[in-house]
Amino acid sequence: MQKIICGENCYKQIGDLLKQLNVKKYMLVCRPSFFKMGLNEYFADIETKAVYFTDFTVNPKYEEICVGVDLFRKEKCDAIVAVGGGSAIDVAKCIKAFVNLPNGEIYFKQKLVDNEIPLISVPTTAGTGSESTRFAVFYYNGEKESLAEEYWIPEYALLDHTLLYSLPEYQKKCTLLDALCQAIESWWSVNSNDESKQYAKTAVEKIINNYRAYIFENDPEAAKEIMLGSNYAGRAINITATTSAHAMSYKMTTLYGIPHGHAVGIGLAHIWEYMLNNPQNCSDKRGAEYLLKTFEDIANAMGCNSAAEAVEKYKGILKELDISGPKATSEEIGVLASSVNVGRLKNNPVALSEDVLYDLYLKITQR
Ligand SMILES: [Fe+2]
């Protein structure tokens with residue numbers, strides 16, 4: 001069971017945690033922003049020896065992860081601490097998963113087995129919720145690979161909202177949209193259950209009630225709520241996985257270089273509107289009536305009286321955040337529509353044909 005520790009400067013408990021866990025040498029997985037944030041001052045004082053691994057990109061490649069695996073083995077590390085956004089935490093999960101596997105064969109194509117290597121995560125963005133999920137994303141031969149293993153959930157998640165203060169505004173907006181979409185998508189997912197819906201509801205409420213003060217005023221209380229909200233959204237998708245807004249986002253990220261949260265965020269309102277108008281195509285076993293009631297519940301959590309009002313509110317948030325879709329040619333829209341992984345759409349509560357996807361991309365890219 002994961003232990004979640006929250007609060008100002010809670011990341012400074014890592015030194016004690018490493019001692020308690022009898023760690024001899026840990027691998028610190030982080031991106032260069034770690035040094036800009038001044039976090040290295042605290043880590044330099046930790047008695048337990050550290051090996052830094054920073055050689056990976058925002059959309060980490062399999063080959064980069066392999067360099068980390070080799071370093072972990074060479075340095076005989078016995079624990080991993082990940083400090084950063086989703087990519088640092090995902091890289092850490094993969095290193096933990098691959099490090100005991102035999103060399104020579106592609107690691108993620110082998111049977112993955114659990115091991116005792118402790119993994120401590122410290123998110124420095126409020127978005128992916130990766131610190132509390134079993135998912136890890138990386139790229140192999142230019143293709144996105146998403147793996148899920150129950151034992152990848154880090155043993156510890158230290159949620160320190162003060163780490164959000166120095167994030168650039170655009171990054172805050174993108175990560176916030178990722179968390180909000182994850183919560184909404186999880187709520188309407190065909191895989192939802194009472195537990196996931198409760199997490200999703202908590203996430204939606206925290207994000208909707210605090211996004212303005214968090215983004216535009218850097219308010220500490222709001223940052224605390226957003227950090228928690230994104231964690232709840234992570235816990236929600238850990239149960240359900242994501243749905244259409246995520247499935248439709250990946251090609252926009254690779255085609256236009258749009259950050260993940262931005263690409264996810266621009267699709268959600270159009271998809272929601274389509275589903276609201278086409279409940280007869282409901283693919284959730286609980287039925288169309290259940291789905292429409294779910295949409296109403298989501299709307300209520302957003303402070304709206306109807307789902308139609310919530311869709312408009314969501315569009316208003318995008319305007320307020322100045323987040324819009326890319327301009328696309330009709331050829332590009334065709335490429336986008338045919339790129340969507342059908343498997344990923346199975347979680348969506350309403351079936352979306354390629355023609356529907358085309359129309360949705362048309363709307364997303366009409367600025
Ligand atoms: Fe996401």
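1. Side note on the overall build of the protein
Of regular secondary structure, the protein possesses 17 helices and eight strands. The C-alpha radius of gyration computed for the protein amounts to 20 Å, which stays within 12% of the reference 21 Å derived for 367 residues, consistent with globular compactness. Each principal axis of the C-alpha atoms in the protein carries an extent, and together these give about 60 × 45 × 35 Å. Scored against the burial criterion, the 367 residues of the protein give a buried share of 49%. Considering only contacts within the protein whose residues lie at least 6 apart along the sequence, 77% involve residues at least 24 apart.

2. Notes on the environment of Ala-223
Tracing the sequence through the fold places Ala-223 in helix α8 (residues 220-240). Placed 91 residues apart in sequence, Ala-223 and Ser-132 show a C-alpha to C-alpha distance of 18 Å. Residues contacting Ala-223, with those up to four places away along its chain left out, are His-161, Leu-164, Tyr-165 and Tyr-214.

3. Here we look at the nonpolar core
Core analysis: the largest hydrophobic core is formed by 112 residues, its most contacted members being Val-29, Ile-80, Ile-95 and Ala-183. Counting residues per element, this core draws most heavily on helix α6 (residues 169-188), at ten residues. Here this core spans two domains, and each of domain 1 (3-163) and domain 2 (168-364) adds at least three residues to it. If near-sequence neighbours (up to four positions away) are discounted, Ala-183 is found in contact with Ala-200, Ala-203, Val-204, Ile-207, Ala-233 and Ala-236.

4. Re helix α17 (residues 354-364)
Along α17, the positions that sit buried rather than exposed are Leu-357, Leu-360, Tyr-361 and Ile-364. On an axial view of α17, the arc spanned by its buried residues comes to 100°, and they lie on one face. Residues of α17 that are buried make contact with α12 (268-277) and α15 (330-339).

5. Considerations on the domain arrangement of the protein
In many analyses, interface size is given as the accessible surface area lost on bringing the parts together. Parsing the protein into structural domains produces domain 1 (3-163) and domain 2 (168-364). Between domain 1 and domain 2, the contact holds 15 residues from the first and 21 residues from the second. Its residues assigned to classes, the side of domain 1 that touches domain 2 comprises four nonpolar, eight polar and three charged.

6. Focus on unusual backbone geometry
The backbone of Ala-241 sits at a positive phi, close to 65°, despite the residue not being glycine. Relative to the helices and strands, Ala-241 resides in the loop between α8 and α9 (244-247). Positive phi, normally seen in glycine, also occurs at Asp-322, with a value near 60°. Relative to the elements of secondary structure, Asp-322 occurs in the loop between α14 (307-321) and α15.

7. Things to note about the environment of Val-91
Along the polypeptide, Val-91 turns up in helix α5 (residues 86-98). Between the C-alpha atoms of Val-91 and Val-29, which are 62 residues apart in sequence, the distance is 7.6 Å. Those residues in contact with Val-91, other than ones at most four positions away along the chain, are Val-29, Phe-56, Pro-60, Ile-65 and Gly-68.

8. Thoughts on the packing of α12 against α14
A pair of packed helices is captured by two measures, namely the crossing angle of their axes and the spacing between those axes. Contact pair α12 / α14: the axes reach a minimum separation of 9 Å and the direction vectors enclose 165°. Judged by the inter-axis angle, α12 sits roughly antiparallel to α14. Taken as a pair, α12 and α14 cross one another with a handedness that is left-handed. Residue-level contacts link Leu-268, Ala-269, Trp-272, Glu-273 and Leu-276 of α12 to Ala-307, Ala-308, Val-311, Tyr-314 and Lys-315 of α14. In the contact of α12 with α14, the residues fall into eight nonpolar, no polar and two charged.

Cut-offs and rules
Residues numbered from 1 in each chain as written. Predicted model: local features only at pLDDT ≥ 70, side-chain atom pairs only at ≥ 80, totals over all residues. Helix = DSSP H or I, 4+ residues; strand = E, 2+ residues; numbered from the N terminus. Rg over C-alpha atoms; globule rule 2.2 N^0.38 Å. Buried ≥ 20, exposed ≤ 12 C-beta atoms within 10 Å, placed from the backbone. Contact = placed C-beta atoms within 7 Å. Core = buried A, V, L, I, M, F, W, Y, C linked by C-beta atoms within 7 Å. Domains from an automatic or database assignment. Arc of directions from axis to C-beta. Nonpolar A, V, L, I, M, F, W, Y, C, P; charged D, E, K, R; others polar. Axes fitted to C-alpha atoms, helices over the stretch in contact; angles between N-to-C directions. Parallel < 35°, antiparallel > 145°, perpendicular 65-115°, else oblique. Left-handed = near helix turned anticlockwise from the far one by under 90°.

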